[in-house]
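Summary of structural features
If you want the building blocks of each chain, they are given just below.
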Amino acid sequence: VQLVESGGGLVQPGGSLRLSCAASGFTFSSYDMSWYRQAPAKERELVALIGSAGGSKRYGDSVKGRFTISRDNTKNTVYLQMNSLKSEDTAVYYCKWVAGNYWGQGTQVTVSS
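Because the structure is predicted, anything quoted here is derived from the model rather than measured. (Residues numbered from 1 in each chain as written. Predicted model: local features only at pLDDT ≥ 70, side-chain atom pairs only at ≥ 80, totals over all residues. Heavy atoms only, no water.)

Examining the overall build of the protein
Secondary structure assignment for the protein yields zero helices and 11 strands. Expected size for 113 residues packed as a compact globule is a radius of gyration near 13 Å; at 13 Å, the protein falls within 12% of this value. When its C-alpha atoms are laid out on the principal axes, the protein stretches across 40 × 25 × 20 Å. Across the 113 residues that make up the protein, the buried fraction comes to 42%. (Helix = DSSP H or I, 4+ residues; strand = E, 2+ residues; numbered from the N terminus. Rg over C-alpha atoms; globule rule 2.2 N^0.38 Å. Buried < 20%, exposed > 50% of the residue type's maximum accessible area, 1.4 Å probe, protein only.)

What about the sheet that holds strand β7 (residues 67-72)?
Strand order in the open sheet made by the four strands is β1-β3-β8-β7, with antiparallel pairing throughout. Each edge of the open sheet carries a strand with a single partner, namely β1 (2-6) and β7. For this sheet, the mean inter-axis angle between neighbouring strands, taken without regard to orientation, is 15°. Here six bridges tie strand β3 (residues 17-24) to strand β8 (residues 77-82), and the two strands are oriented antiparallel to one another. Bridge pairing in β8 links Leu17 to Met82. (Pairing = 2+ DSSP bridges. Axes fitted to C-alpha atoms, helices over the stretch in contact; angles between N-to-C directions.)

Printed below as a string of structure tokens:
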């Protein structure tokens, strides 16, 4: 199993980023996928979760209305569109295959002016 995140970087407050997570080694289209994040000195928290077909979505309270999770089962990829970014969104963002309990290596997102 491999989960490879990309798309992180440095962005100014109010800006946007789109994270991608390319999955391999399991039947991607059959499983829920999620994004988590971990800021320095804080516990890892759920950002968003998406059902296997993409119709069911759930978000953490701190990102509702700003972030959108989506997936493309033809590309075995899950995305996280992040808009109206705030300094408190600064964290390492991880992709997770929920059922298999596999994590990606993470991608750093830094929101700063």
